[in-house]
Amino acid sequence: MLKTLSFKFTHTPDIFFGAGKFAKLPDILRNAKKIILVLGGSSFQKTNRWQWLSEELTKLQVAFFTVTVNHEPSPGLIDEIAGKYREEAIDMVVSAGGGSVIDTGKAISAMLTQQQSVMAFLEGAGEGLEHDGRKVPFIAVPTTSGTGSEATKNAVLSVIGENGFKNSLRHDHFIPDIAIVDPELTVGCPPNITAASGMDALCQLLESYMSDASGPMTDALALSGLDCAAASLEDLCTREPFNVDKRAKMSYAALMSGITLANAGLGVVHGFASSIGGLFDIPHGVLCGTMLPEAVHISIQEAFKDKQANGWMIRKFATVGELFCGMVSKDDEKTCAALSDYLFRLKQTLKLPGLSRFGVTKTDAERIAAKTSNKNNPVKLTREQLCQLVINCL
């Protein structure tokens, strides 16, 4: 049952989706004179696609500067790169890689137009200035199926440590101008990366669907993405890593997760992603996948404490349970329990480690809880519940 028929829906990139769509990139860039190519590590640069792209750009006389990103971007990295190329009259920024690579390119495109440090504009950690929205045109080419950053208006930047943070540079104009989503680029992605990025997408879809700011459009898109994730994620991480059709389903799920989170917001798992992610060096997708089952479990428990007031929430959890578990039941409590059980089993199947693997201890739970926002979680968990959730995920 829809809570409301009143909503706002932000724009999306021009999207080229499908196997082989990467081949369109040189033609899109043919009128550019200078571009920045943001790539992840060295894996893409070792592929035939990189050699082909380099040759095509050379033929078109497009000069390109290559930036390599090995970790989640920091404000210092963005300042360094933007400062280096600010006077180069860059026509386009292109990111080809995972979420960190796309966020890096997104932030670079936004900061090439500014003279200040990116810290001046960073939410919750900077000087509180509002970015004017000017940017160099930006193209996102995801090579993993996870963050959906190819469709979002924020770039996540982080500093890890005792006073660390993970916060966003955000503006409606920062949504990529073009997203090229080619599932063939994700074939060969290692099982652990497929699992972590896939669980991030699944988490974003589920949290935006259950968000207290969701609406009919985000619900429809989130459910279509959840359907694709349910049909592909586990198989890609276990039996069928090279199945292009299932890679396409996960690429679609990730894309939808970006669109829906940009319009409906996220839940408490991503609240933890911000607080824990600033304190400990833990891959974002691993954190999301590890904490999602516990967060859903406690949210369902809380919802059933007042069935009448939370009827809409219970029905939506049950809808996801029906989708993931292939069951149709008039007993929403049974279906919600099946959803919770499914997520715990999926976490085990994908071999996602607990938080303790990354140095989180029971004594850290209180300070983590103190820094954690419920965001748009349908159930507002107490400080004590947040603390216990951390402990349960160790």
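Above this text you will find the structure in question.
Residue numbers restart at each chain and count upward from 1, following the sequence in its written direction. For this predicted model, a pLDDT threshold of at least 70 governs which residues receive local features, and a threshold of 80 or more governs which side-chain atom pairs are given and counted, while totals over whole chains, interfaces and linings are taken from all residues. With hydrogens and water set aside, each side-chain value is computed from the structure's full complement of heavy atoms.

### A closer look at the packing of aromatic side chains
Alright, step 1. Aromatic contacts are taken between Phe, Tyr and Trp rings whose centres are within 6.5 Å, Trp giving its six-membered ring; a plane angle under 30 degrees counts as stacked, one over 60 as edge-to-face, and the others as tilted. Using the criterion set out here, one finds seven aromatic pairs in the structure.
Alright, step 2. On the basis of an interplanar angle of 55 degrees and a centroid distance of 5.9 Å, the ring pair of Phe 22 and Trp 52 is categorised as tilted. Separated by 30 residues along the polypeptide, Phe 22 in the loop between β1 (14–17) and α1 (25–28) and Trp 52 in helix α2 (residues 48–59) bring together distant segments of the chain.
Alright, step 3. Ring centres 5.0 Å apart and planes at 45 degrees place the aromatic pair Phe 65 and Tyr 85 in the tilted group. Residue Phe 65 is located in strand β3 (residues 63–69), and its partner Tyr 85 is located in helix α3 (residues 75–85); the two are separated by 20 residues in the primary sequence.
Alright, step 4. On the accessibility criterion, Phe 65 (22% relative accessible area) is partly exposed.
Alright, step 5. Note on classification: 1.4 Å probe, protein chains only; a residue is buried when its accessible area is under 20% of the maximum for its type, exposed when over 50%, partly exposed between these limits. Note on Tyr 85: relative accessible area 8%, which makes it buried.
Alright, step 6. By the criterion adopted, a ring carries a charge over it if an Arg CZ or a Lys NZ lies within 6 Å of its centre and within 35 degrees of its normal. One Lys or Arg, Lys 316, reaches over the ring of Tyr 209 and ends 4.4 Å from the middle of that ring. Secondary structure elements are defined from DSSP: runs of H or I of at least 4 residues count as helices, runs of E of at least 2 residues count as strands, and each element is numbered from the N terminus.

### Some details on the pattern of salt bridges
Alright, step 1. Here, a salt bridge means any Lys or Arg side-chain nitrogen found within 4 Å of an Asp or Glu carboxyl oxygen. Under the counting rule described, the total for this entry stands at 22 salt bridges.
Alright, step 2. Between Asp 177 and Lys 135 there is a salt bridge whose closest N-O contact spans 3.3 Å. Residue Asp 177 is found in the loop between β7 (165–170) and β8 (178–181), and its partner Lys 135 is found in the loop between α4 (99–111) and β5 (138–142); the two are separated by 42 residues along the sequence.
Alright, step 3. The salt bridge partner of Glu 366 is Arg 383, with a shortest N-O separation of 3.6 Å. With Glu 366 in helix α13 (residues 365–371) and Arg 383 in helix α14 (residues 383–392), this residue pair connects regions lying 17 residues apart in the sequence.
Alright, step 4. The exposure class assigned to Glu 366 is partly exposed, which follows from its relative accessible area of 42%.
Alright, step 5. Judged by its relative accessible area of 40%, Arg 383 falls in the partly exposed class.
Alright, step 6. One salt-bridge network, in which partners are shared between bridges, spans Asp 235, Arg 239, Glu 240 and Lys 246.

### Things to note about unusual backbone geometry
Glycine aside, a negative phi is what most residues show, and trans is what most peptide bonds show.
Alright, step 1. In this structure, Gln 61 is a non-glycine residue whose phi angle is positive, near 60 degrees.
Alright, step 2. Of note, Ala 89 is a non-glycine position whose phi angle comes to about 55 degrees, a positive value.

### Some details on the side chain of Asp 103
Alright, step 1. Secondary-structure assignment places Asp 103 in helix α4.
Alright, step 2. Polar contacts, as counted here, are pairs of nitrogen or oxygen atoms within 3.5 Å of one another; within protein the pair requires one atom able to donate a hydrogen and one able to accept it, and residues that are adjacent in sequence qualify only if both atoms are side-chain atoms. Within the local environment of Asp 103, its side chain forms a polar contact with the side chain of Ser 149, the two groups lying 2.5 Å apart.
Alright, step 3. Contacts of Asp 103, omitting those with residues within four sequence positions, involve Pro 73, Ser 149, Asn 154, Ala 155 and Val 156. Residues are treated as being in contact if the distance between any of their heavy atoms lies within 4.5 Å.

### Describing the sheet that holds β3
Alright, step 1. At least two DSSP bridges between two strands are needed for those strands to be called paired. With parallel pairing, six strands are arranged side by side in an open sheet as β1-β8-β5-β4-β2-β3. The open sheet terminates on both sides in strands that have one partner only, identified here as β1 and β3. Averaged over all neighbouring strand pairs, the angle between strand axes comes to 15 degrees, with direction disregarded.
Alright, step 2. Contacts between helix α8 (residues 244–264) and the sheet are confined to β1 and β8, with β1 contributing the most and set at about 165 degrees to the helix. The convention used is that axes are lines fitted to C-alpha atoms, helices contributing only their stretch in contact, and that angles between N-to-C directions extend from 0 to 180 degrees.

### Some remarks on the nonpolar core
Alright, step 1. Counting 68 residues, the largest nonpolar core has Phe 272, Ile 276, Met 291, Leu 292 and Leu 355 as the members making the most contacts within it.
Alright, step 2. With residues near it in sequence (within four places) discarded, Phe 272 still touches Gly 277, Leu 287, Met 291, Ile 368, Thr 372, Leu 386, Leu 389 and Val 390.
Alright, step 3. Core analysis: the second largest hydrophobic core is formed by 29 residues, Val 38, Leu 122, Phe 138 and Ala 140 among them. We call a set of buried residues a nonpolar core when its members are Ala, Val, Leu, Ile, Met, Phe, Trp, Tyr or Cys and they connect through side-chain atoms within 4.5 Å of each other.

### Overview of α4
Alright, step 1. Between its terminal C-alpha atoms α4 stretches 18 Å, which fits the 18 Å expected from 13 residues at 1.5 Å a residue.
Alright, step 2. For α4, the tally of buried residues reaches twelve of 13 residues, placing the bulk of the element in the interior.
Alright, step 3. Turning to α4, its buried residues are Gly 99, Val 101, Ile 102, Asp 103, Thr 104, Gly 105, Lys 106, Ala 107, Ile 108, Ser 109, Ala 110 and Met 111. Multiply 1.5 Å by the residue count of a helix minus one, and that product is the helix's expected span.

### Brief notes about the pairing of strand β4 (residues 92–97)
Alright, step 1. Burial of β4 is extensive: six of the six residues sit out of reach of the surface.
Alright, step 2. Both strand β2 (residues 34–40) and β4 contribute to a ladder of five bridges, which runs parallel. The partner of Val 38 across the bridge, within β4, is Ser 95.
Alright, step 3. Judged from the five bridges that link them, β4 and β5 form a sheet pairing that is parallel. Looking across to β5, one finds that Ala 96 is bridged to Val 141.
Alright, step 4. Every crossover in which the path from the first strand over the helix to the second runs clockwise, viewed with the strands pointing away from the viewer, is termed right-handed. Crossover handedness for the path β4 to α4 to β5: right-handed.

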